[in-house]
Amino acid sequence: MREEVSVESQERVDRIDRSRVTALKGFVASYVLWQVTVLSDEFLGHRLEGLPADTLFWLALALGVSWLAFGARHAWIGRKISADPALARALDDERTRHIRGTAYAAGFWSLGAFLIAVRLVALAVPIPGALVAQLGIAVALASAIIAYLVLDRG
Amino acid sequence: MPDASPLTNRMKVLRAERDWTQADLAAHVGVTRKTINTVERAVYVPSTILALRIARAFGVRVEQVFWLEEE
């Protein structure tokens, strides 16, 4: 028979759930900003006047480190959940698995829409392949996580 | 063609009768408070297993908690 979660444990479940959501928000926000900065540095860097040299590089580095920190925090929370069967049952319940699947689908279809849009734009303007690849990954990852966060609001 | 009748529930009433918060019910069922909230607001349709667990937490039959709204 499945064990129930005590009310005290439920408070812990809610607390860990909030931490998980906060880590995920930080992860996606820093990832998007990091990608914007990296791509600006790579493709527009020499055209941005008025910025001290390497500003975008250092900004991208700081955002990349921030992204890694949020990712590590999210992974650490995930390990903590996996280590406790009652927590794992509560925090990986059927609704969470359902919205995770829907979020993956949102990421997939966003990537598809992005590639179609790029294909159409490329008919008029040449677009570097490296830019398309990097933007495609960013669009898929960010839209999947944002979809998860939107669906997870309860 | 699947039945599109919305699934209605009286979880809020049953909680109120027991003076339970959503967190209390979530603790009895072993899910997150968000899951209870979305099921209660009919945003998320629970699986049969979850519906049975919710009914068991209240100590009633599942059809006393969930039913299909008459068309």
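Further up the page is the structure itself.
Residues numbered from 1 in each chain as written. Chains lettered and ligands numbered in written order. Predicted model: local features only at pLDDT ≥ 70, side-chain atom pairs only at ≥ 80, totals over all residues.

Peer 1: Sorry, what's going on with the overall build of chain B here?
Peer 2: On a plain count of helices and strands, chain B comes out with 4 helices and 2 strands. Listed N to C, the secondary structure of chain B is β-α-α-α-α-β in terms of helices and strands. A compact globule built from 71 residues would reach a C-alpha radius of gyration of about 11 Å, and chain B, at 12 Å, matches this within 12%. Structurally, chain B occupies a C-alpha span of about 35 × 20 × 20 Å along its principal axes. With 71 residues in all, chain B has 38% of them scored as buried. Here the contacts in chain B between residues at least 6 apart in sequence split such that 57% fall between residues at least 24 apart. (Helix = DSSP H or I, 4+ residues; strand = E, 2+ residues; numbered from the N terminus. Rg over C-alpha atoms; globule rule 2.2 N^0.38 Å. Buried ≥ 20, exposed ≤ 12 C-beta atoms within 10 Å, placed from the backbone. Contact = placed C-beta atoms within 7 Å.)

Peer 1: Is there a simple way to think about the nonpolar core in this case?
Peer 2: By size, the foremost hydrophobic cluster in this structure holds 21 residues, and its most contacted members are A:Phe27, A:Trp34, A:Trp67, A:Ala103, A:Ala144, A:Ile145 and A:Tyr148. At the level of elements, α1 (7-43), α2 (55-83), α4 (94-122) and α5 (129-152) of chain A are the ones that each hand at least two residues to this core. It is α1(A) that contributes the most residues to this core, 7 residues altogether. In terms of domain composition, this core takes at least three residues from each of domain 1 (1-92) and domain 2 (93-154) of chain A. Among residues more than four places away in sequence, those in contact with A:Tyr148 are A:Ile99, A:Arg100 and A:Ala103. Of all hydrophobic cores here, the second largest spans 20 residues; its members include B:Leu25, B:Ile36, B:Leu50 and B:Ala55. (Core = buried A, V, L, I, M, F, W, Y, C linked by C-beta atoms within 7 Å. Domains from an automatic or database assignment.)

Peer 1: I tried to follow the packing of α4(A) against α5(A) on my own but got confused; where do I start?
Peer 2: The axes of two packed helices give the description: the angle between them and the distance between them. Residues and elements named next belong to chain A. Direction vectors running N to C along α4 and α5 enclose 145 degrees, while the axes themselves pass 8 Å from each other. Crossing angle aside, the handedness with which α4 passes α5 is right-handed. Where α4 approaches α5, its residues Ile99, Arg100, Thr102, Ala103, Tyr104, Ala106, Gly107, Ser110, Leu111, Phe114, Leu115 and Val118 are matched on the opposing element by Val132, Gly136, Val139, Ala140, Leu141, Ser143, Ala144, Ala147, Tyr148, Leu151 and Asp152. Of the residues belonging to the contact of α4 with α5, the class tally is 16 nonpolar, 5 polar and 2 charged. (Axes fitted to C-alpha atoms, helices over the stretch in contact; angles between N-to-C directions. Left-handed = near helix turned anticlockwise from the far one by under 90°. Nonpolar A, V, L, I, M, F, W, Y, C, P; charged D, E, K, R; others polar.)

Peer 1: I would appreciate a short explanation of the interface of chain B and chain A in the present structure.
Peer 2: Accessible area lost upon the coming together of the parts is a frequently used measure of interface size. At the interface, 16 residues of chain B touch 18 residues of chain A. Broken down by secondary-structure element, the contributors of at least two residues to the side of chain B that touches chain A are α2 (22-29) and α3 (33-40) of chain B. Considered class by class, the residues forming the side of chain B that touches chain A number 6 nonpolar, 7 polar and 3 charged.

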